[in-house]
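Listed below are the residues making up each chain.
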Amino acid sequence: MRNQLDKLNQLPVELSDKQFKFISVGLLVLGAVSMGFAPIFIRWSESEISAAATIFNRLWISSVFFGTWIGFSLIRQHNLSSKPSPTNNLYTLSAWGLFFLLGIIFAARQLFWAKSLTQTSVASSVAIIHAVVPLLTAIGGWIIFRHRVKLQFVVGMIISITGAIAISFQDFSVSTNELKGDFFSLISAILLPCYLLLMEKLLTQFATKTLVFLCCAIGAATTLPVLLMTGDNLFPVSWQGWFSVISLALICQVLGQGLIAYSLNSLSSSTVAMIMFVDPVISTISAWLILGEQISLIKSIACLIVLIGIYLTIVGQYEATIDSPLT
């Protein structure tokens, strides 16, 4: 009888944990969908300013948003309590070194990706990134955090990677002139797991909004010297250009990247990388509807394959055990 009562007492806790994970997955999917529109806004912006200027505006606008949010939070916290925050001791020299590394990696990743969109199609650029990221992130997560990977996760990853390769295969084989853009996409793909893993590590000590703010601010400060050396225009000159960079910042960076970073509080970086496979599907469809890029039957089937892989990953997430050795 006592064992049955113990089980009943534990049931709400387990149900609450499952609900929290379900909400985290839902927010992550929303973030990935928001990120799927980034290539559209980048393409529109690059018709007026360079790729580096586009990323610079994306980052500084986002840093203003998060900085204002943090400022209001600090004022509210100060009004509620006069006690100093114990987290001030966390901002050591090594922590600031990791902050700068995070911001530089993120800015470099965005710059290479934006540059790739000037050389190749949206579908090819995004698909190449997501064909590489989950595997690299899963390996890095196991090495650094000892994340355990279940068989269902591996199967879902292989299926989604196959679909992503199929999305980009036709564009990759069209012309060798696009190889340069594919190369930039590959570099961006290698940098993305580094960003996810480093963000996951820092989230154990720092708030999401603080890390995203520092990432954007440091990234903008890193990108600015590149623009000054190249002599590119810093800002758009028309309302269409401003609409593109503001939408890119608020929808893709604040909402998209913000939710992706927040999900790393409860989900492993490898799971986040897998669910982000929604990104190439949304990007492919939006590029077809808005930019007029062709979507063949093979690409349509490939998008469906990617979604099947994501579904298997989400289902397998509830059976995955975090922070245990790979078996």
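It should be emphasised that the depicted structure is a prediction, and the values quoted were computed from it without experimental measurement. (Residues numbered from 1 in each chain as written. Predicted model: local features only at pLDDT ≥ 70, side-chain atom pairs only at ≥ 80, totals over all residues. Heavy atoms only, no water.)

**Examining the side chain of Q110**
Filter applied, for reference: Only DSSP runs of H or I reaching four residues or more are called helices, and only runs of E reaching two or more are called strands; each is numbered from the N terminus. A 3.5 Å cut-off defines polar contacts: any pair of N or O atoms within that distance qualifies, except that in protein one atom must be a possible hydrogen donor and the other a possible acceptor, and neighbouring residues in sequence count only when both atoms are side-chain atoms. Only heavy atoms matter for contacts: two residues are in contact if any of them lie within 4.5 Å across the pair.
You can see Q110 is positioned in helix 4 (residues 93-116). In terms of polar contacts, Q110 uses its side chain to reach the side chain of R58, at 2.8 Å. With residues up to four places along the chain from it excluded, the contact list for Q110 reads I55, R58 and Q257.

**What to know about the environment of S62**
Convention followed: Buried means the residue's accessible area, taken with a 1.4 Å probe over protein chains only, is under 20% of the maximum for its type, while exposed means over 50%, and partly exposed covers the values in between.
Turning to its location among the elements, S62 is positioned in helix 3 (residues 51-80). We classify S62 as buried; its relative accessible area is 0%. Taking C-alpha positions, S62 is 6.6 Å from Q253, a pair spaced 191 residues apart along the chain.

**Brief notes about a nonpolar patch on the surface**
To keep things clear, this is the line we draw: Like-charged residues are merged into a patch within 9 Å and nonpolar side chains (Val, Leu, Ile, Met, Phe, Trp, Tyr) within 5 Å, provided each residue has over 30% relative accessible area and no salt bridge. The Shrake-Rupley method, run with a 1.4 Å probe, gives the accessible areas here. Residue values count only the displayed protein chains as cover. What makes a salt bridge here is a side-chain nitrogen of Lys or Arg within 4 Å of a carboxyl oxygen of Asp or Glu, nothing more.
A cluster of nonpolar residues, W44, W239, F243, I285, W288, L289 and I290, forms a patch on the protein surface that exposes about 770 Å² of accessible area. Elements supplying a minimum of two residues to the nonpolar patch: helix 9 (239-263) and helix 11 (278-291). Structurally, W44 is set in helix 2 (residues 38-46).

**Some remarks on the nonpolar core**
Generally speaking, nonpolar side chains in soluble globular proteins are found buried as a group. The line we're drawing: Only buried residues count toward a nonpolar core. Its members are Ala, Val, Leu, Ile, Met, Phe, Trp, Tyr and Cys residues joined through side-chain atoms within 4.5 Å.
Counting 54 residues, the largest nonpolar core has F99, Y195, L196, M199 and V272 as its most contacted members. Elements supplying a minimum of two residues to this core: helix 1 (2-35), helix 2, helix 3, helix 4, helix 7 (179-202), helix 8 (208-230), helix 9 and helix 10 (269-275). Among the nonpolar cores identified, the runner-up in size contains 13 residues, and A32, M274, F277 and V306 belong to it.

**Some remarks on the packing of aromatic side chains**
Heads up, the rule is: Stacked, edge-to-face and tilted labels apply to pairs of Phe, Tyr and Trp rings (six-membered ring for Trp) whose centres lie within 6.5 Å, assigned for plane angles under 30 degrees, over 60, and everything in between, in that order.
Taken as a whole and assessed by the stated rule, the structure comprises 13 aromatic pairs. Aromatic pair W96 and F99: ring centres 5.2 Å apart, planes at 85 degrees, arrangement edge-to-face. Taken together, the positions of W96 and F99, both in helix 4 and three residues apart, correspond to about one turn of that helix. Exposure remark for F99: the relative accessible area of 2% places this residue in the buried category.

**Some words on the confidence of the model for the protein**
The predicted structure's coordinates, where accompanied by low pLDDT, should not be read in detail. Heads up, the condition is: Along the chain, pLDDT gives the predictor's confidence residue by residue, from 0 to 100.
Here the protein shows a mean pLDDT of 77. Residues at 70 or above account for 76%. With pLDDT under 50 throughout, residues 1-15 is counted as low confidence; its partners more than four residues away or in other chains account for zero contacts. Contacts for the low-pLDDT stretch residues 320-327, under 50 throughout, to residues beyond four places or in other chains number 16 contacts.

**Notes on the packing of helix 2 against helix 9**
Stated formally: Lines fitted to the C-alpha atoms define the axes, with helices restricted to the stretch that makes contact. Angles between their N-to-C directions range from 0 to 180 degrees. Angles below 35 degrees are treated as roughly parallel, those above 145 as roughly antiparallel, those between 65 and 115 as roughly perpendicular, and all remaining angles as oblique. Working rule for handedness: look at the near helix, and if it is turned counterclockwise from the far one by less than a right angle, call the crossing left-handed; if clockwise, right-handed. The classification used treats Ala, Val, Leu, Ile, Met, Phe, Trp, Tyr, Cys and Pro as nonpolar, Asp, Glu, Lys and Arg as charged, and all other residues, Gly among them, as polar.
Two elements in contact, helix 2 and helix 9, have axes separated by 8 Å at closest approach and are oriented at 160 degrees. The orientation of helix 2 relative to helix 9 falls into the category roughly antiparallel. You can see that helix 2 and helix 9 cross each other, and the crossing is left-handed. Each of A38, F41, I42, W44 and S45 in helix 2 lies in contact with helix 9, whose residues at this interface are F243, S244, V245, S247, L248, I251 and C252. Along the lines of polarity and charge, the residues of the contact of helix 2 with helix 9 split into nine nonpolar, three polar and no charged.

**Let's talk about the packing of helix 3 against helix 4**
Any two packed helices are characterised by how steeply their axes cross, that is the angle between the axes, and by the distance between the axes. At a closest axis distance of 9 Å, the pairing of helix 3 and helix 4 adopts a crossing angle of 135 degrees. In this view, helix 3 runs oblique relative to helix 4, as classed from their interaxial angle. Our pair here, helix 3 against helix 4, has a crossing hand that is right-handed. Taken together, the residues of helix 4 that come into contact with helix 3 (itself represented by A51, A52, I55, R58 and L59) are F106, A107, Q110, L111, W113, A114 and K115. Partitioning the contact of helix 3 with helix 4 into residue classes produces nine nonpolar, one polar and two charged.

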